[in-house]
Structures are given as C-alpha cells and as structure tokens.
Protein chains: 4
Amino acid sequence: MTLSEPNGMSRIPVAVLGATGAVGQTFIRLLADHPWFTVAEVAASERSAGKTYRDAVQWLEGDLPADVARLTVRVCDPGEIQARVVFSALDSSVAGDIEAAFAQSGAMVLSNAKNFRMAADVPLVIPEVNAAHLALLSVQRAARGWPTGGGIVTNANCAATVAAMALAPLHEAFGVRRVFVVTLQAVSGAGYPGVPSLDALGNVIPYIADEEPKLERELNKMLGRFDGRAITPAPFAVSAQVNRVAVEHGHLTCLAVELTQAAPMDEIAGALQSWSGDPVACGLPSSPARPLAVTTQPDRPQSRRDVGAGRGMTVTVGRLRPDPLFHVKYVALGHNTIRGAAGGSILNAEVLVRQGVIRA
Amino acid sequence: MTLSEPNGMSRIPVAVLGATGAVGQTFIRLLADHPWFTVAEVAASERSAGKTYRDAVQWLEGDLPADVARLTVRVCDPGEIQARVVFSALDSSVAGDIEAAFAQSGAMVLSNAKNFRMAADVPLVIPEVNAAHLALLSVQRAARGWPTGGGIVTNANCAATVAAMALAPLHEAFGVRRVFVVTLQAVSGAGYPGVPSLDALGNVIPYIADEEPKLERELNKMLGRFDGRAITPAPFAVSAQVNRVAVEHGHLTCLAVELTQAAPMDEIAGALQSWSGDPVACGLPSSPARPLAVTTQPDRPQSRRDVGAGRGMTVTVGRLRPDPLFHVKYVALGHNTIRGAAGGSILNAEVLVRQGVIRA
Amino acid sequence: MTLSEPNGMSRIPVAVLGATGAVGQTFIRLLADHPWFTVAEVAASERSAGKTYRDAVQWLEGDLPADVARLTVRVCDPGEIQARVVFSALDSSVAGDIEAAFAQSGAMVLSNAKNFRMAADVPLVIPEVNAAHLALLSVQRAARGWPTGGGIVTNANCAATVAAMALAPLHEAFGVRRVFVVTLQAVSGAGYPGVPSLDALGNVIPYIADEEPKLERELNKMLGRFDGRAITPAPFAVSAQVNRVAVEHGHLTCLAVELTQAAPMDEIAGALQSWSGDPVACGLPSSPARPLAVTTQPDRPQSRRDVGAGRGMTVTVGRLRPDPLFHVKYVALGHNTIRGAAGGSILNAEVLVRQGVIRA
Amino acid sequence: MTLSEPNGMSRIPVAVLGATGAVGQTFIRLLADHPWFTVAEVAASERSAGKTYRDAVQWLEGDLPADVARLTVRVCDPGEIQARVVFSALDSSVAGDIEAAFAQSGAMVLSNAKNFRMAADVPLVIPEVNAAHLALLSVQRAARGWPTGGGIVTNANCAATVAAMALAPLHEAFGVRRVFVVTLQAVSGAGYPGVPSLDALGNVIPYIADEEPKLERELNKMLGRFDGRAITPAPFAVSAQVNRVAVEHGHLTCLAVELTQAAPMDEIAGALQSWSGDPVACGLPSSPARPLAVTTQPDRPQSRRDVGAGRGMTVTVGRLRPDPLFHVKYVALGHNTIRGAAGGSILNAEVLVRQGVIRA
C-alpha cells in the first residue's frame, strides 16, 4: 500500500471541542489508547474553561482516562489550541463559527455538528460508503481560502449513518429509487441530560425535532456521486418517521426499498453480505472486521444485544425479505454514539491519515 | 332508534373462556359493573377447572372483582356452560374446536382468537369500521348449520385494529391504495408471562411471530365491502414491519398511505377529525366519546400518555403530514388489550344487543 | 358532627403557586371537578406570567382541564392573587419568601415545599396521622403576627409520607424506638424534566440529594406529640437509605422497626389492619376508603400495580414478618405525587374546611 | 510462589452442566479464551441431549463461541462426561443427585446450585474472603467416601456474594455484630425467561422466593472460621429484605452494620479501601485488579454504570457514612451473573489449580 500510515512514530496530538458533553465524552473514551492519536487538549464553554477536565465534566460511562482528567479545559478558540486535528462535538448553536475559525487557522476539523453537513463543498462522510468525497476538501479549501491543512469533514446524523450503511450495498449494486425508513432511536442520541426519564419510561415518542429532514436529505448526499468538483446527490426519494424508545444506545431502522433495477432476493442478500465498503476504510484502528453484518436469526438485530457489534462500529442487518409494495424490506441497527457519532469521526480522521491529508 | 336495548332489564349472563389468561382477565375487569352483561361463568383449562377463580388465577392488574373471584372455574365445554353469550380469550391452539362447539350449541361467541378471523363466513369486526359485516352471521349460520343464536364474531389482531381505525376514514373518503405500516408494540400484547424482561429491558425486538401476515391480510377484510352474501376484501396492498418495545400497554403504528384519489392535506385532516364511524357503534356502554382523536401536538400520540384515551377505546392519531413518497403519513396509537382485544369484543357484543341478535 | 362542611354552597376559589411544574400540574389535575374547591388562579415565574396557562405549561399527563387552560398565569405575589386558599408547589429556592408573604396577606398556604416543614410553629401534617397538629396554626399566627385566615400548613417529603403512614399505627399502639428505612423511589419524585433517562434506564441510583435527612427528621415531627403549644418530636431514631429506580410513580419503602414495647406478630398485624387514622380525615372528598391497606400476597405491594390504590391516596403495606434484629419488618408503598404531594395538601385543606378554619 | 500453576501446559478440559440455561451460557462465555481451561463437554437435560450446542441453546448475549457451538450436548451423567473439572449451572431441583454422582466419580464439581451450600462439609467460597475453607474438601472426601480428585465446592447466592465481599473487610478488622441488608436485584438473577416483562417494567417486586433466608445464613458460613475440621459460622445476625428491580445485570445492596468493636469512620474507610483479600486469590486469570473498589462519588455505585467494574469481578462500594442506629452504612454493587455466579465458580477453580488440588 502506497499510503502513509503512522509507523513507530509518536502519536498525533488532537483536541476535542465540546469535550464535556455526551459526544465529547465518547470521543475521549474512544481515543484513550488510540494507536495514532492522543488527546492533548480539551475545550468547552467559558463556564468550564480553566478547570481541570475532571472537575468540569460529569463523566457518564466507565472510567475517566487519567491523562485527560488532568488537562485544563480551554475555550473553543483557535488561539488557545495547538493541535492541528480537532474533533468537534460542539452544539450546533455554536459549531458554525467555531469550526470555521479552526479551519481558517489551518486545523482539520472532524465534526459531528449539523452546521456544515449540507454545504456543497463540505464532505459528509462514512468512509466505507463515500471516502471519495473527502477529495472535496481541496475544493473547499480553494473556495473558502483556507490554508493547507485546514478544512472541515462532517459525519452524518446518527440515524442517517445507520440507514446509509444499510442502503449503500443496494444502491451500488442495483440503484435505490425510493426508501421508507422508520427509526426506533436510543435516548443517548439526545445527549445528556437529554430525554427526561418521565418521557422515556414505558413510552414511545414518535418525534425528534429536526431529525426527519436530516434523514431525508443526508442520505442523498452521502450516496451521491463526486465528479472531482462537486457532489450530485443520489436521486432517490426518502420518507422518514422517527421514534424515540426506551433504549440506552442503538438506533434501529426499518427500511423498505424500491430499487432502480429489480433483483432476486438472493442477489440482494448477496450484495449485503459481501459488501465491505471502500478498501481505504479497511484495517484502520477503528475499522470493524466487517462494516455490515447480516444476521439470519428471525428476531435480530436487537438494540441491546447487537449494538456492540464490532465494538460499536458494525451495523447489523436482519429480517431481509421481499416487500409487498417495494422490492425489499429489512432492519438495520447501529451504535448511535460510536458509529453514528464519535467513532465515525475518528474513522474519518484515520482515513485522512492514511491518505496523507493529516500528517504527524 | 328502532333497535332494542336493555332497559331496566336484568343483566345478560355471559361466560368468559380462557378466563385465567391475560386477555381473559381484561374481559373480567372490563365486564365488572357492565350495565348490560354480568360474568356468570368462567372457563379455563383442565388444570384450573374445579378451583375457584380466585385460586386459579394469578391476577395481574387492579382488584379482582369479588363476584367473579367466587365462581368455580369450568372446563371449556358447552355442556358445562349455561350462558348464551361467550367471550373467548382462548389460545389459538385450542380455540378452533371449542369456539365451533359453542356456536354449534347455540351460543354467540365473541372471539379474540385468530382461528376464524379469515374464514369467509365469519365477521371480523370493529363496529365503527364495519358493523355491517355482522350481517354475515346469517350466512355463517346457514353455511354451518348452526342453530339460531349460535355464531362466531371475531375481532382483529390488536395492531391491525389500531391501523384499521386509523385507515378507515381515509379509505371511506378517498380510497386507500397502498400502506406501509411499522408498529411499536407493547409487551402486554404477548400475554403473561409473555415477553421475558431480559428481552424487553432497554431493547427493541424487530419481530413478533406471525404478526406481520395478520396485519397484511386482516386490514383488507375489515375494510372490505359486504354485499349481503360475502365480503370483497379492500383491494389495497399492505407492507408491515412489527417491533416489540419496552412499553406496558399501547401499540403505536407509523402509517404511510397512498390514496386512490389524491386529496389536499386539509381534506385528509378533515376526514380523520370528523370521522365517528358507524352510528350503530355510538352511545353504547363501551363506546368512547370519539373512536378517533386527532392531536396536533407535534410529539403526540405517545404510548404511555395517550393509551388511556376514551378509557382505552379511543385511537389517537397525530403527526399528520404529507408523505414524500405516498400521499400522507401519520402515527396512530391504541390500547392493545382494551380496544385491540377484550374491549373490542365487548363493543361487538353491545352492537349485537342493540341489533337484537343477542337478547336478554 | 359539629364541623361545618360546604353544603350546596358555591365552591371555594383557590390558587396554585408554581402551577406549571410537575407538582403544580398534579394539583390542577386533582382539583378538576373537586366538589369544594375550584382553581380560580394560577401563578408561576415571571417567564410564564401573562400567558394563558395552556401556553405556559408543558402538560404531562392526561387532559388539561379546559377551565384552567384559559386562565392567565400570574406572578407569585399576594397583590396579584385574590384567592384566600393557596396551594404551593413552589421550588424551595423561592418558596420561603413567597409563602410567608401570602400568609402575611391573610391567605392559608398549603405547601409542598420543604422550607417551613421543620419550623417549630408550622404544622407538618398527614391528617390521618396528626391532624391535631393543625391547631399549631394559632400559635403560628400569634408568633408571626399574621392576620386571621393567614397561615402555612406543610405536608411532608413524599417518601417520609409513605413511611409515616406505615409507622403511625405501630407508634400509636406500641411505640417505635428505632427504624431502618430503605426506599426505592419513582422518577416523578424529581419533577420534570427531573431524572435524565440515561440515569434511570436499567439503573439504580443509590442517592437523592438532601432526601435522607428529610426522612430522618420529618418522621419524628409528624409522629410527635402536640400539647397545645408545641410539638415534642417522637423520640425514635431513624436511619434512611434512599434509592432512585426506574419507576414512574410510587415510592416503595422497606421498613425494619424496633418497638418500645414488644408485641406478638398478630397484634402488630392487627394494629396495621385496623388503623383508620384520625376520624377528622375520614369521609372527605380526597379521603380514600382506607388510608392503609394491608396485603398478604407474598409479592405485594408492587410499585406499578399498587400505586393507584385509593386513587393514589392509600398506602399499601405488605410482607409483614418478624425481624431477626428488631421486632418487625415490612414494605409500604404510596403514590409520591398524589398522597406524597398534591393529594396530601388537598386533604389537609379539606380538613381545615371541616374544622371551619377555611371558610367559603 | 510455591504453588503449582499451569505453565506452557495444554489447557485443562472442563465440562459445563446445565449448559443451555442462563448461568450455563455465562460459564461458556467466560471460559472462551480462558488461559487454563477449555470447555470440552457440555451437558443438559434429556431434551437437549444429542443436539449440537448451537441447536440446543437460545443464546442470549454476544457471540456463541464457535468451538462450543459444535459440541454435542450430553446428558448430566458421569458416565457420559470425561472431564475431571465440572462447572455446575444446574437447577436446584436436580443438582443434588447429579453433583454428588460426579463427585463420587472423582470429578471436582464447582457448583452454583444451592443444594450443598449449607452442608457442613462443603466449602461455600469466595476466594478473597474464605479460600481457607477449601481445605474442607479433604474432610468432605473422607466423610463421604469420595475418591481423590472428587469433591464439591459451592459459591454463594449472588446477592450474598456481594454482601459478603462488602462485609469481609469490616468483619476481619472490627467484627460484625448485626447487619441490615436490603437488596435491589437485577432480573438476570432469575435466569431466562425468568422475570416476565410485565412484572419488571416500571415496577419493583419486593420479594424473591427463598432469597432472604439464603442471605441470612450464607453470610455467616462464609465469614465463619475454619479450624481444620469444621466451620464455625460467624456469630452475627442478619436481616434481609430483597427487591427485584428493572435492571438487567447488577445486584445493589444497602448495608447497615453494627460492629463488634466500634471504630472511627476513617478506620472503617481504610479497612475497605486497603482490603485485597486472601493473596491466594490474587493474580489469577479471573482475578480483578481489586476485589473491592471504594468510590467517593456521592451518587455511586450505580447498577448499570458500575456493574462492569473489573470485568464484572469487582464489587464497588460507596456512600460510606456513619449510621444513626448502628455504626456504619454503605452501598455495594456486584455483577450477579459474573462475580455472583459463573465468574465466582471459575475463580474458585483457579485457586484449586494454584493449590494443586486440580491438576492438568
């Protein structure tokens, strides 16, 4: 392989913006013991700035890594941060200006926020699905006058990520024409404190603010074609209904798909089973053994039991069967805070290292 | 109104078959203090027969009505039961033979079991939707040689009931051509002990055995046309995906509907809001004020908060909006063990009393 | 009975302070259709003031009563409120000054807040247990220079209420010397949004801020003796451990009790079974048929199944048995937002009406 | 160290009895990739015998290890099993005879069943707490006439295990005189299907059949003294109240302890913090870094968040504080199916390997 990967080198220092929130914590948990990256700086709101991370954070899951606990929290200002690789877990109310400022300062921003996702010159990437879109970074840099090294790469909404991975093999093989998607989403998708327990216990809420439009447009962009200059969105139509359920982690999506080109069920199953995505995303530190796992157990995937597949980076697909209205229906489950958020961002960064865009 | 209704009369004695199970208990709870019916007999399996009901049952919710607690449990044999009105909460493994035997003996059987639902001469009824199908009873009696008074009336699968009530107004006004339905169903739909807690807690199971086929065929029969001799199923196609969620009571269904005849959203909303169903089902002891309630709150209906509407007999519809693929999508919620099971059966019986088919 | 009760009179106008919060909403739900009281005014923070109640509130459970929905929300200032009976669901951060101002202005304040509970001249009342303490109102009025009609009556912490009702019969009959109490408390005890779902789902939190001290001191005051001038706290010692569990409503408490005077188990059981509390609390609109229900089912009371006993006003006691260390142990369950909050306040007000302290 | 431990040797073949149940599955999951043991045989009821394990089991969590999936299930008869080390996850209805038969045949039985726990010549062992009791095996062998290599070692009830580990440091340092213990136990403690979801969702059940007596007697045996011939139970008294809560894994126990010899809080805290248990249990494959972790976070341990400490082998203690009635109260949490069941058995076996009682 001609790509440059870190070898015996010291780890690349990275910063986490919005480090005290739920997604920020997931970044820090996943980056602990990462072979290529080390969390050198953490930044959050003015309220937290100046405190040690340990004092600033209400740590939610597992053990707080000792090295990060000792860091002093910075404000989210490029002048305060040395790292040239920045993971953004910022709230969308502030992410726009801050992420642009970091890119302008020459940092590569890997963002979970929605602000730049639909910008024409910003890649929205799941690397197994559309790593090629990362080449949009040079278009972006030229268009915005950002210096070498600076740029913004986004990852998708957590539910859209699961659906995109489940649709990609069929879109590649047969074309997707229309998709119904109904989601059953975990409470961790809303962050912390997030969903009140009185709303979640023994309940379903058939609504998440602004979630359905994200699903209905991000899928087209991710599955769209990049011609070296711009992305042409995939021309299929999506109808989404989202639901919040009393599950901790894991977004389950029910998909019904009309293909552009009809195919027998065994070919459809084969397309899903054999799919391993863009090779540039394989074998990286955060890559799962298989980006997609297909189960034939009649009652799987299940949210709690399958969410951890591939350490949260594998999407599990099941209940594949013909659809009475469209061609095929099935169920896909993915980990919303790992594959659908922090883990996806980190995998994007790993691809950029492999491509030499991020250097030690 | 020319229909005969009980007036100052003594209450009609009824029997409950399968009285110790979850649905059987719901019958007994709903029939306590019923103005027209009184539970005079209870029957269950050989294992329970001979015990008092109090000793035979593991009572699940609220207080066990004292009058019923004292009854001796009978076996499910027409020779052991006096009542001419029989509510069946039998398991489908035994319901077929037993219900036929009771009908043969001249009893009117109101059944929750699936066995006879799709039989051409057996009405499958939600009275607001298709009370006219009850006239099939005379066809049934003639065809099967059952005596006057004998017959079987079924009510639908619990999830199909919710969907049917939500679709009926649109089918009546515009015609339904295609429907996607994804359900989020409560654990009480599986009876007791039913779903193990290790399967339910923090989990979604995207499968319920034999449930999707029921949804895909019962809707067509209920919304079909009865010409005096037979039912012509409604000619629309249904695609169903069912899910079990950690909710106690209440089946939530996500619907996307293609109409035969397109209509503007305000007319669609109007059709749902103004629908009150067949007048024969109005004003009965179990009738809710409105069979369908339409909410405009963006995040409703919710399973736990809306399941009790109309004492469990109202289906609540919300999130009505245009669908990017079909014409309209929305969410409907109903109580699975009341409207979708025992309460629905009792309402069917009340209509039969009003029609003079059941007499004191 | 020589007590004056409303008869054919028009209902007494009352105000609810903190009306938009979870406890405030429970007041409004319980006061809808109350035979003696009518909610004439609602008050909340400046942020809500001026809006209609419907617009100001995020209504959590059931239907918002139409009469109250139309009211304009006032600020919590005696100059803005006409009603002479005021139910306070205020947060403790502001309840102290506001409640005193209302009492000073001649209103009778029935408070859920903790601020005045332990004040020597303020009654802390569960009427079946210690209605006699209400006579402390005249001491209070004299001490504080409040006008006729003005005063503050508090009800206890929700968990303390359940424990107090379960202990009262034993304290009255045998004396209580030492009590261990471990609680399993519902999330609704923390209000709304309250406990984040990520903290509640599949979890136990063995801590609720400031809850154990309340339990350890309020029990003594409520079970203390009033001599016409002051309350002498009951001299027993309490050790409390509280836990938050994934239950919507209902605080379950595990009690182990050392009696002052040992007694055989049948006498202890008899004391609990026969207890009906101070007669002044019987037969009021909010009185349950029995303040205490004793179950002998081995696995009851259960939070979800028994919380609604007596429309939330009955405490259910079970698992009564000898204790290897003290004399007796048992389990008690009560509804935290009804008996332990709004319902308890309303019952206190009803007693004051019966006593002629509150007049139409 | 003079103890013999496997070194470069091939792994010891072991059998799992009751292999298809929930505890049996946990054995198989924990023994996958074990450095000293390999699951060579699985046995279950006649119904499963003859099938492959894959076909016989309804696998509940994670991936079924491929090597075990292929094994043919045997009946639980010593004549059918070669392994000389046998882990028993049998139901107590059959465990007595079968375990004795295996011991009689010369197999070392590590049992989770309750049948032999209280037998005077059978060690009931948590190795950090009372590994010395394992020497009772030679008494047992002599008394029962079992051959060399044959014997039964039991581990305790899951809730008793958590309590015993939390009490051991205080009993060793100061003596325990009286203990109140109230548990909040996970549903997995009841196996699969176990607790129905209608019993668990939004509910607490303050009862588990036969659980309180186990807690009240097993603690004394485990913390008792072994003089080379017999165990003298620790002479303290225990009062237990158990509760089932809607938690998947993790038994939380609330303890209030009266010491034989009073001690200041810092010494009590020190005893807990510094305790590492019998050195013979340290550094084994299943040993956690620390058998007991003490947290000072005010709201910890929490069931879901701390159950995985030390891969399920560490008990976490928190909320340590003086008790108003006894000396000290605190909360302890442990993993019921790992430390409290299969993991505890495996650790017992590892100690026996180290002691040379089990040989390759």
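Residues numbered from 1 in each chain as written. Chains lettered and ligands numbered in written order. Predicted model: local features only at pLDDT ≥ 70, side-chain atom pairs only at ≥ 80, totals over all residues. Heavy atoms only, no water.

**A look at the interface of chain C and chain A**
And step 1. On the side of chain A, 15 residues touch chain C, which itself brings 15 residues to the contact.
And step 2. Counting the surface lost from both chain C and chain A, the interface buries some 1,200 Å², and carbon and sulfur atoms represent 74% of this.
And step 3. Considering only the side of chain C, the residues that lose the most area to chain A are S197(C), L198(C) and L201(C), jointly responsible for 46% of the buried surface there.
And step 4. Inspection of the region where chain C meets chain A yields zero salt bridges.
And step 5. Between the two partners, chain C and chain A, sit four residue pairs in polar contact (both at pLDDT 80 or more).
And step 6. Partitioned by chemical class, the residues of the side of chain C that touches chain A number 10 nonpolar, three polar and two charged. (Contact = heavy atoms within 4.5 Å. Buried area = accessible area lost by both parts, 1.4 Å probe. Salt bridge = Lys/Arg side-chain N within 4 Å of Asp/Glu carboxyl O. Polar contact = N/O pair within 3.5 Å; in protein donor to acceptor, adjacent residues only side chain to side chain. Nonpolar A, V, L, I, M, F, W, Y, C, P; charged D, E, K, R; others polar.)

**Thoughts on the sheet that holds strand β15 (residues 328–334) of chain B**
Residue and element names in this part refer to chain B.
And step 1. Read from one edge to the other, the open sheet built from seven strands follows the order β8-β11-β7-β12-β15-β14-β13, with strand pairing classed as mixed. Looking along the sheet, the strands with just one partner apiece sit at the ends: β8 (204–205) and β13 (292–294).
And step 2. By the bridge criterion, seven bridges tie strand β12 (residues 251–259) to β15 in an arrangement that is antiparallel. Residue C254 lies in a different strand from β15, and its bridge partner there is V331.
And step 3. Sheet strands touched by helix α9 (residues 211–222): β7 (176–185) and β11 (237–245). Its angle to β11, the strand with the most contacts, is close to 140°.
And step 4. Strands in contact with helix α10 (residues 265–274) are β12, β13, β14 (315–322) and β15; relative to β14, the strand with the most contacts, it is inclined by about 175°. (Pairing = 2+ DSSP bridges. Helix = DSSP H or I, 4+ residues; strand = E, 2+ residues; numbered from the N terminus. Axes fitted to C-alpha atoms, helices over the stretch in contact; angles between N-to-C directions.)

**Quick notes on the sheet that holds strand β5 (residues 108–111) of chain A**
All names here are of chain A.
And step 1. Taken in spatial order, the six strands make up an open sheet running β3-β2-β1-β4-β5-β6, and their pairing is parallel. Bordering the open sheet on either side are β3 (73–75) and β6 (151–154), each of which pairs with just one other strand. Direction aside, the axes of adjacent strands within the sheet are offset by 30° on average.
And step 2. Pairing geometry for strand β1 (residues 12–17) and strand β2 (residues 37–44), over six bridges, is parallel. Each residue of the ladder has a partner; that of I12, found in β2, is F37.
And step 3. Sheet strands in contact with helix α12 (residues 338–354) are β1, β2, β4 (85–88), β5 and β6, and its direction is about 150° off that of β5.

**Comments concerning the relation of the copies chain C and chain A**
And step 1. Aligned on chain A, chain C shows an RMSD of 0.0 Å; the corresponding rotation is 180° and the shift along the axis is 0.0 Å. Considering both components of the superposition, the chain copies are consistent with a two-fold axis. Proximity to the rotation axis, assessed at the C-alpha, singles out S197(C) in chain C; its C-alpha lies 1.9 Å from the axis.
And step 2. The residues that chain C uses at the interface reappear at the interface of chain A in 100% of cases, marking a shared surface. (Least-squares fit on C-alpha atoms with pLDDT ≥ 70 in both.)

**Describing the relation of the copies chain B and chain A**
And step 1. After a rotation of 180° and a shift along the axis of 0.0 Å, chain B superposes on chain A with an RMSD of 0.0 Å.
And step 2. Comparing contact sets, 100% of the residues at the interface of chain B also lie at the interface in chain A, consistent with an isologous, same-surface contact.

**Digging into the interface of chain B and chain A**
And step 1. Contacts between the two partners involve 45 residues from chain B and, on the opposite side, 45 residues from chain A.
And step 2. Of the roughly 3,600 Å² buried at the junction of chain B and chain A (both faces included), carbon and sulfur atoms supply 57%.
And step 3. Per-residue buried area on chain B facing chain A is highest for F180(B), R304(B) and L325(B); these three make up 17% of the total on that side.
And step 4. Seen at the junction of chain B and chain A, the total is eight salt bridges.
And step 5. The closest approach of N and O atoms between E212(B) and R319(A), which form a salt bridge, is 2.5 Å.
And step 6. If you look at where chain B meets chain A, you find 34 residue pairs in polar contact (both at pLDDT 80 or more).
And step 7. For the side of chain B that touches chain A, the element with the most residues is β11(B), which contributes eight residues.
And step 8. Partitioned by chemical class, the residues of the side of chain B that touches chain A number 26 nonpolar, seven polar and 12 charged.

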